[in-house]
Amino acid sequence: MKVSVIGTGYVGLVTATCLAYLGHDVACLDIDEKKIEGLKQGQIPIYEPNLDQLLEDTKKTNKFPIFTTDPKIAMEHGEIIFIAVGTPPKENGEPDLRYIEACAKTIGKHAKQDCIVINKSTVPVGSGNWVYMLIEQANPKLNFHVASNPEFLREGSAIFDTFYADRIVIGADENFARAKLKELYKPLIEQSFTPPNYCPRPHGQAHIPFISTDITSAEMIKYSANSFLAMKISFANQIANICDLVGADVTEVMQGIGTDSRIGGKFLNAGIGWGGSCFGKDVQALIKIAEEYDYNPELLYGTTNVNYKQRNLVIKRLQDQMKILKGKKIGLLGLAFKPNTDDLRDAPALDIAKALIKLGASVSVTDPIAAENCKKQNPDLEVNYVNDPYELAQGKDALILVTEWDEYRKLDLEKVFRFMGGSKILLDGRNIYSPVDAKKIGFNYISIGR
Ligand SMILES: NC(=O)c1ccc[n+]([C@@H]2O[C@H](COP(=O)([O-])OP(=O)(O)OC[C@H]3O[C@@H](n4cnc5c(N)ncnc54)[C@H](O)[C@@H]3O)[C@@H](O)[C@H]2O)c1
């Protein structure tokens, strides 16, 4: 099928490349000329494991997508048009919909008759109607359909999450759009495609459930799913803080509850909390929706408050141990909001670094992938960038593990200990090291809720 994708960020580019790999003819539109120029050469502007290889593989079947900044070329191409532009939060917590609005106008101006416009961006309830209205205003003569297809991929495992999704949700108010989308996703739903060898089909992978709803429910599913996951982590963190008070071990407690099939063991890791482009933004957006209806979403407020307090907890723990942070040398292991991505949106590392600098500490940082992005995006952040964890450890009073990259799980902690100076504090913000081993080496080891 002929598909157009507007926005070549984490979601748009992964969607476009996966659909091209599955055999569809894809055209991608972005306003970022540099990005598009690079993509034409097969250069991926983000860090996403194997995405470069997948894009390269589309050449084997002559399905390498068209990359363009020309809306006419991109819009005249697709019978299905995905909107996958950003919906970042505004100061007041509401999502900024100006990019969606621009897309709607572009579609109205250039799209072909009977196209189906699918919102993949995460948007507030009612956006389907709003996008419909904007397109209609831009071109009253255009016959078109609007549907919602919320995206659930995780950065770092985005190809896997697309090929072997837990479900595909389609919100549509009429059958035509629903049937077309079912056809588009048929190779995924039926798992009939040949997987690339770097993303093999998991043993026992069954058909992917196709969940069909009205547009409003699809929009609510996305916000509810992210809010629930964020709430699970905040719950684990709240329990961790109580564990600290009573002397229990939160990892054992979470194992004890997570094995209950009604609860499930995922997203119960206590630590310094979630970050990233989605959770904070989507929980805030759902809060705003509830407030519009004069409803008090207490669980959502709690979810957010607990999360951001965890970042301060790190500072508090260091103050408890070191008393004065002024003049202390502190290293942060990890900058990305989670492993396997270069994404720094709402990354806890940034808040922690800023708070430490404000208190007069000298802060050094390292990250296997996200350091370059951090330099570019935060030119005023007064930190020293170093190449690896051992260089980071040299002469530091304290190290804080912020992002649980695999490399950091495998650190030679004895070597790290030897390189450190001062009070030899290892603050494990993700509970990845064994307290017994770390203490045996001699660290003043602090973790969350253990
Ligand atoms: N990143 C994730 O893990 C994730 C997961 C699920 C859902 N989402 C949602 O998907 C949406 C996209 O997120 P993302 O992380 O891919 O964003 P992103 O910021 O990485 O990418 C957005 C892209 O859209 C382009 N763009 C903006 N306006 C445009 C326009 N008018 N025409 C063409 N291109 C335009 C930008 O240049 C950019 O390349 C958001 O609503 C987000 O909440 C993201």
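In what follows, the structure referred to is the one given above.
Below is a short write-up of the structure. All values reported here derive from a predicted model rather than from experimental measurement. (Residues numbered from 1 in each chain as written. Predicted model: local features only at pLDDT ≥ 70, side-chain atom pairs only at ≥ 80, totals over all residues. Heavy atoms only, no water.)

1. Some words on the packing of aromatic side chains
How two aromatic rings sit relative to each other is set out by the distance from centre to centre and by the angle between their planes. Considering all chains together, one arrives at twelve aromatic pairs under this definition. Measuring from ring centre to ring centre gives 6.5 Å for Tyr-390 and Phe-419, while their planes differ by 85°; the resulting arrangement is edge-to-face. Pair noted here: Tyr-390 is in helix α16 (residues 389–393) and Phe-419 is in helix α18 (residues 413–419), with a separation of 29 residues, a long-range link. Judged by its relative accessible area of 29%, Phe-419 falls in the partly exposed class. Among the aromatic side chains, those forming a connected cluster through ring pairs are Tyr-21, Phe-160, Phe-163, Tyr-164 and Phe-193. The cationic tip of Lys-59 hangs over the ring face of Phe-64; the distance from NZ or CZ to the ring centre is 5.3 Å. (Phe/Tyr/Trp six-rings, centres within 6.5 Å; stacked < 30°, edge-to-face > 60°. Helix = DSSP H or I, 4+ residues; strand = E, 2+ residues; numbered from the N terminus. Buried < 20%, exposed > 50% of the residue type's maximum accessible area, 1.4 Å probe, protein only. Lys NZ or Arg CZ within 6 Å of the ring centre and 35° of its normal.)

2. Topic: the sheet that holds strand β11 (residues 384–385)
If you walk across this open sheet you meet the six strands as β11-β10-β9-β12-β13-β14, and the pairing is parallel. A single partner strand is all that each edge strand has here, and the edge strands are β11 and β14 (444–447). In terms of strand pairing, strand β10 (residues 362–366) meets β11 through two bridges, oriented parallel. Directly across from Ser-364, in β11, lies its bridge partner Asn-384. Running over the sheet, helix α13 (residues 298–322) touches β9 (329–333), β12 (398–401), β13 (425–428) and β14 and is turned about 160° from β13. Packing of helix α14 (residues 348–358) onto the sheet brings it into contact with β9, β10 and β12, and relative to β9 it is tilted by some 175°. (Pairing = 2+ DSSP bridges. Contact = heavy atoms within 4.5 Å. Axes fitted to C-alpha atoms, helices over the stretch in contact; angles between N-to-C directions.)

3. Quick word on the site of the ligand
Taken together, 26 residues are adjacent to the ligand, and Asp-30, Lys-35, Thr-87, Glu-155 and Lys-281 come closest. Tyr-10 is positioned such that a nitrogen or oxygen atom in its backbone is 3.0 Å from an oxygen atom of the ligand. For the ligand, an oxygen atom lies 2.5 Å from a polar atom in the side chain of Lys-35. Protein contact buries 89% of the 830 Å² of open area that the ligand shows by itself. Counting residues per element, the ones that place at least two in the shell around the ligand are α1 (10–21) and α5 (98–110). (Near = heavy atom within 4 Å. Polar contact = N/O pair within 3.5 Å; in protein donor to acceptor, adjacent residues only side chain to side chain. Areas by Shrake-Rupley, 256 points an atom, 1.4 Å probe, with all protein chains shown as cover.)

4. Details of empty space enclosed by the protein
Over the atoms rolls a probe the size of a water molecule, and in doing so it shows where empty space is left. Per the stated rule, a full pass over the model turns up one cavity of 30 Å³ or more. By volume, the largest cavity amounts to about 40 Å³. What lines the largest cavity is Asn-119, Ser-121, Thr-122, Val-123, Ser-148, Asn-149, Pro-150, Ala-218, Glu-219 and Lys-222. Residue composition of the lining of the largest cavity, grouped by class: three nonpolar, five polar and two charged. (1 Å grid on protein atoms, 1.4 Å probe; cavity = no way out; pocket = protein on both sides within 12 Å on 5 of 7 lines; lining within 4 Å. Points joined across faces, edges and corners; volume = space filled by probe spheres on them. Nonpolar A, V, L, I, M, F, W, Y, C, P; charged D, E, K, R; others polar.)

5. Describing unusual backbone geometry
If you check the backbone angles, Asn-340 has positive phi at about 65° while not being a glycine. In this structure, Asn-340 sits in the loop between β9 and α14. Residues other than glycine seldom take positive phi values, yet Lys-424 does so here, at roughly 50°. Secondary-structure assignment places Lys-424 in the loop between α18 and β13.

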